[in-house]
Amino acid sequence: MTDALFRIRGLCVDVPGRRLIHGIDLDLPGRQMVALIGHNGSSKSTLLKVLARQIAHSAGSVAFAGRAITDYSARDYARRLAFMPQTTPPAEGMTVRELVALGRYPWHGALGRFGPDDHAAVDGAMAECGVVAFADQLVDTLSGGERQRCWLAMMVAQQAGTLLLDEPISALDIAHQVEVLSLVRRMCHDQGRTAIVVLHEVNMAARFCDHVVAMKAGRLALQGSPDELMRPEALEHVYGLPMQVLLRGDGGRVAVPA
Amino acid sequence: MTRRAIFTLPVVAVLALCLWLLAAFRLLPGDWPAWPFDPGTMSVPQILLAFGLMPRGAIALVAGAALGLSGALLQAVLRNPVADPTTLGISGGAQLALVAATILSPGLLEHGRWPVALVGAGLAAGLVMAIGARRAFAPVTMVIAGMMVAMTASAIATAITLSRGKYLLSLVIWNGGSLVQQDWSGVRVLAAVLGCAGIGAALLARPLRVLSLGAVGAQGLGMNVAAMRLAAVVVAVVLAAAVSAELGLIGFVGLAAPALARSMGARTMAQVLALSPMIGALVLSVCDGMVMALAGATGEMFPTGALTGLIGGPLLIWLLPRLRGSTPPGTEAGEGPGVRLAHPGRVLAGLAALALAAALVLVWVGRLPGGWAVLDWDSFRAFLPLRLPRLVAAGAAGAALALAGAVLQRLTANPLASPEVLGVSGGASMGYAATLYLVTAPGQAVLGLGTMLGGMAALVLVANYARRRDMPAERVLLAGVAVSAMAAALLSAIMATGSAQSWQVLAWLSGSSSTIGAAQAGTLAAMALGVLVAALLVRRWLQVLPLGAEVAAGVGLPLVGARLGLIALAGIATGAATVLIGPLSFVGLMAPHLARRIGLARAQDHVLGAALIGAILMIAADFGARMAGFPYELPLGLFASLLGAPWLIWLMMRMRR
């Protein structure tokens with residue numbers, strides 16, 4: 001991979017008394033949907049937060065689009081990269097349109113005018129994520145799946161080329177899981193965005209993502225295409241559990257515990 | 001019992017014993033009376049020892065244990081590390097009952113202060129629980145309701161005292177929490193209460209541990225959550241009411257003991273419930289020992305309750321970074337979704353019109369010795385220059401405080417945040433008091449400067465916490481509460497000295513606009529306007545920040561700078577207003593809350609609405625303060641809380657989820 005979007009070298013993350021990430025070297029490709037998988041406590045979310053600059057790393061370097069991530073100003077970084085936390089906070093008294101409009105902050109800043117470009121971006125984002133129908137409803141009155149799409153719309157309104165999502169489907173039913181992941185996949189493939197998604201469900205990761213990075217106890221377990229992941233020995237290596245891979249009629253693979 | 005507690009507690013116990021012995025030997029070097037005590041055969045120093053110092057040492061232990069247990073129960077049941085007996089309004093209720101009985105019907109006190117104070121405390125706690133019961137005792141609701149009740153009660157109590165044109169020094173000392181004893185009756189009563197409550201707490205330990213999973217989790221395990229919360233609160237209320245009745249307000253022991261217990265490694269509910277009373281007893285004993293050591297043989301210099309606050313404040317600030325994670329206030333939906341107006345502009349215009357109309361009408365109407373009077377045109381023109389400056393000043397101060405509150409509530413995403421809670425007012429009042437003592441006959445400008453410096457110092461301390469990116473908002477609040485409590489303790493210590501300065505502090509504490517001049521009013525109005533413009537300019541920060549640090553950083557908000565800037569803004573507004581109306585007004589808590597409750601949701605509407613409501617509240621309070629106790633003038637800040645708090649309580653009672 002020559003055009004790595006993220007170039008990570010010797011990355012370590014420490015919290016008082018413990019090392020969460022032990023010297024990772026990793027290149028993440030751009031214009032693809034990348035899954036970050038691993039068992040609980042494997043530090044996959046920590047890695048994502050480092051990429052989002054939500055937590056600082058203690059050693060090593062991370063470069064984004066050729067520049068160290070610490071070199072970007074806050075708004076500059078937010079114009080290129082949008083982050084969705086694992087638990088989206090309650091948006092007390094806020095309408096969907098207002099929430100989506102918050103995504104324009106990196107562009108207009110604290111004092112800039114909310115101009116035609118901003119309106120167009122908000123409308124476009126709401127249309128893309130299918131939340132136009134709720135535009136004037138309160139975010140907190142929507143269902144989980146609808147709310148998740150609103151937060152996605154806010155990220156889209158940010159017009160960032162890279163989306164980081166921390167377990168975006170963990171609270172959704174299976175239909176909404178497919179809906180949200182299909183939406184993210186469409187964004188990557190149709191608009192040339194990059195999405196890095198922390199996922200728990202290995203089958204969802206294999207089905208929707210182009211590239212999979214597996215973490216294990218703060219170290220890199222493996223990375224490659226979904227086909228490389230969906231092998232019994234690879235899965236056992238990642239999850240420490242014997243796994244079986246079933247072949248579906250259409251050639252897709254499904255992993256189940258053996 | 002944790003290992004650290006096993007090492008620490010005996011050392012502290014020895015220290016407490018030494019301090020008590022120091023006082024005892026100073027009183028009577030030898031020849032201690034033998035058990036059983038018979039006053040007939042004893043000398044005066046022996047009687048003083050047997051019926052003064054000995055019960056005093058005992059009551060410090062018993063009362064401290066009671067407060068520690070009460071605080072531990074309340075913190076467990078409210079799942080809120082800032083909860084303590086005073087947050088339920090118990091002390092406020094007791095104080096109001098006692099003041100009312102003393103002034104209006106002294107005969108009620110015939111059987112001691114106990115029954116009267118207990119009735120007041122029980123009524124206040126009952127009111128808070130009636131509000132809480134409508135929401136299945138959701139923690140945030142309980143704390144807000146408790147603070148409102150406490151504030152209203154203390155405002156009414158002070159208003160009653162001042163409207164009679166006399167100050168009751170003994171009540172001031174009682175407020176400070178004096179441990180002086182005349183016999184063993186207090187110890188016996190408190191020990192009996194503590195014993196019963198201890199059994200109750202032991203029975204509650206396991207249900208409370210289940211409750212620490214959260215209301216939904218506990219319900220899933222088959223627990224009657226509302227009944228269990230009620231039981232725990234009742235035990236805690238009885239304990240705190242008993243201490244309030246015997247000794248007055250002794251702050252911080254109930255707050256510090258469970259926090260200290262946790263920092264010593266108490267992890268399970270049983271450990272916290274067992275350790276907290278022990279720690280509380282030792283904390284109060286050491287404090288009382290220090291008061292006695294300082295006072296020497298001559299007598300009381302200041303009440304012990306004041307010292308617990310002085311020690312407790314810094315202790316809590318020191319503890320903050322070491323405190324383990326806890327349920328942040330507000331995670332449990334306390335108030336349900338707020339309403340949202342479709343046309344906020346109309347409501348804002350209406351509020352602005354109301355503010356103007358209120359100002360006009362209130363200048364026009366006055367009270368004469370014979371009755372009420374509406375001024376004719378000539379008197380109106382004569383009175384206008386006299387009344388306008390104070391109206392402008394009151395309105396501007398109200399708006400400034402409300403702005404500070406709105407900014408802080410949005411910054412911390414916590415409906416409890418306000419300049420009063422964040423310690424800015426407390427720091428300002430310490431600055432005022434320090435100026436009084438350090439400068440001979442200070443003028444208004446010097447006092448104003450000192451007040452602002454004090455507020456700034458408190459801000460720097462609190463901002464130090466806010467600056468750290470991973471510091472959750474509730475810790476910042478806790479730091480502010482610590483500063484406020486320290487200030488309150490210092491001020492009650494000053495007031496208990498009864499010196500000339502102390503009366504000036506008391507007068508300023510309650511706030512008055514009677515001495516304000518046109519220039520000062522103009523300055524204050526300009527400052528309020530400046531703060532409003534600044535808050536509207538950063539409305540986008542205020543819109544994003546309630547969503548939390550992750551989202552705010554995610555959209556590229558300069559988090560550190562924004563927090564520091566907003567805190568400085570709130571500090572300037574509070575400092576300016578506090579010089580005029582004193583630290584006691586709760587306009588900064590009420591006005592933003594009311595603005596949100598009537599449906600002003602967007603940041604700019606919320607900020608503007610809060611400022612208008614704050615101005616209306618203070619203008620109305622100014623009128624009420626002039627009229628209600630005529631010809632005496634009541635304190636402005638007190639009157640503001642008299643107006644706003646009942647309204648807020650009514651709103652909370654009315655709303656359902």
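Residues numbered from 1 in each chain as written. Chains lettered and ligands numbered in written order. Predicted model: local features only at pLDDT ≥ 70, side-chain atom pairs only at ≥ 80, totals over all residues.

What about the overall build of chain B?
So, step 1. Scanning chain B from N- to C-terminus turns up 25 helices and two strands.
So, step 2. Looking at chain B as a whole, 56% of its 657 residues are labelled buried. (Helix = DSSP H or I, 4+ residues; strand = E, 2+ residues; numbered from the N terminus. Buried ≥ 20, exposed ≤ 12 C-beta atoms within 10 Å, placed from the backbone.)

Notes on the pairing of strand E8 (residues 194-198) of chain A
Residue and element names in this part refer to chain A.
So, step 1. Along E8, five of the five residues are buried, which leaves the element largely enclosed by surrounding structure.
So, step 2. Here E8 shows two buried faces, one formed by Thr194, Ile196 and Val198 and the other by Ala195 and Val197.
So, step 3. The sheet contact formed by strand E7 (residues 162-166) and E8 spans five bridges and is parallel. Each residue of the ladder has a partner; that of Thr162, found in E8, is Thr194. (Pairing = 2+ DSSP bridges.)

Quick word on the sheet that holds strand E4 (residues 59-64) of chain A
Strand pairs in the sheet, formed through backbone hydrogen bonds, run parallel or antiparallel to each other.
Residue and element names in this part refer to chain A.
So, step 1. Strand order in this open sheet of four strands is E2-E1-E4-E5, and the pairing throughout is antiparallel. Looking at which strands have only one partner, the edges of the open sheet turn out to be strand E2 (18-29) and strand E5 (67-68).
So, step 2. Contacts between helix H1 (residues 44-51) and the sheet are confined to strand E1 (4-15), E2 and E4, with E1 contributing the most and set at about 115 degrees to the helix. (Contact = placed C-beta atoms within 7 Å. Axes fitted to C-alpha atoms, helices over the stretch in contact; angles between N-to-C directions.)

Topic: the packing of helix H13 (residues 344-364) of chain B against helix H14 (residues 377-412) of chain B
Residue and element names in this part refer to chain B.
So, step 1. Remark: H13 packs on H14, axes separated minimally by 9 Å, with the N-to-C direction vectors making an angle of 140 degrees. Classed by the angle they form, the pair H13 and H14 counts as oblique. For H13 against H14, the interelement crossing comes out right-handed. When H13 is examined against H14, the residues Ala355, Ala359, Leu362, Val363 and Trp364 are found in contact with a partner set consisting of Phe380, Phe383, Leu384, Arg387, Leu388, Leu391 and Gly395.
So, step 2. Residues that form the contact of H13 with H14 fall into these classes: 10 nonpolar, one polar and one charged. (Parallel < 35°, antiparallel > 145°, perpendicular 65-115°, else oblique. Left-handed = near helix turned anticlockwise from the far one by under 90°. Nonpolar A, V, L, I, M, F, W, Y, C, P; charged D, E, K, R; others polar.)

Concerning helix H6 (residues 144-157) of chain A
All names here are of chain A.
So, step 1. Taking 1.5 Å per residue as the helical rise, H6 with its 14 residues ought to reach 20 Å, and the 20 Å between its terminal C-alpha atoms agrees with that figure.
So, step 2. Of all the 14 residues making up H6, 11 are buried; the element is thus mostly covered by neighbouring parts of the structure.
So, step 3. Along H6, the residues classified as buried are Arg147, Gln148, Arg149, Cys150, Trp151, Leu152, Ala153, Met154, Met155, Val156 and Ala157.
So, step 4. On its buried side, H6 packs onto strand E6 (81-84), helix H3 (96-102), helix H5 (116-128), E7 and helix H7 (174-191).
So, step 5. Gln159 sits one or two positions beyond H6 and adopts a positive phi of about 55 degrees. (Expected span 1.5 Å × (residues − 1).)

Quick look at the confidence of the model for chain A
So, step 1. For chain A, per-residue confidence averages 89 on the pLDDT scale, and residues scoring 70 or more make up 99% of the total.
So, step 2. Mean pLDDT across the elements of chain A bottoms out in strand E12 (residues 253-257) of chain A (88) and peaks in E8(A) (95). (pLDDT = per-residue confidence, 0-100.)

Some details on the interface of chain B and chain A
So, step 1. Counting residues at the interface gives 22 residues for chain B and 25 residues for chain A.
So, step 2. Mapped onto the side of chain B that touches chain A, the elements with two or more residues apiece are helix H20 (539-544) and helix H21 (549-554) of chain B.
So, step 3. Considering only residue class, the side of chain B that touches chain A consists of 13 nonpolar, five polar and four charged.

Focus: the sheet that holds strand E3 (residues 33-38) of chain A
Residue and element names in this part refer to chain A.
So, step 1. With mixed pairing, six strands are arranged side by side in an open sheet as E6-E7-E8-E3-E9-E10. The open sheet has two edge strands with one neighbour each: E6 and strand E10 (219-224). Neighbouring strand axes in the sheet, compared pairwise and without regard to direction, differ in orientation by 15 degrees on average.
So, step 2. In this sheet, E8 lies alongside E3 in parallel orientation, the contact comprising four bridges. Opposite Ala35, over in E8, you have Val197 as the bridge partner.

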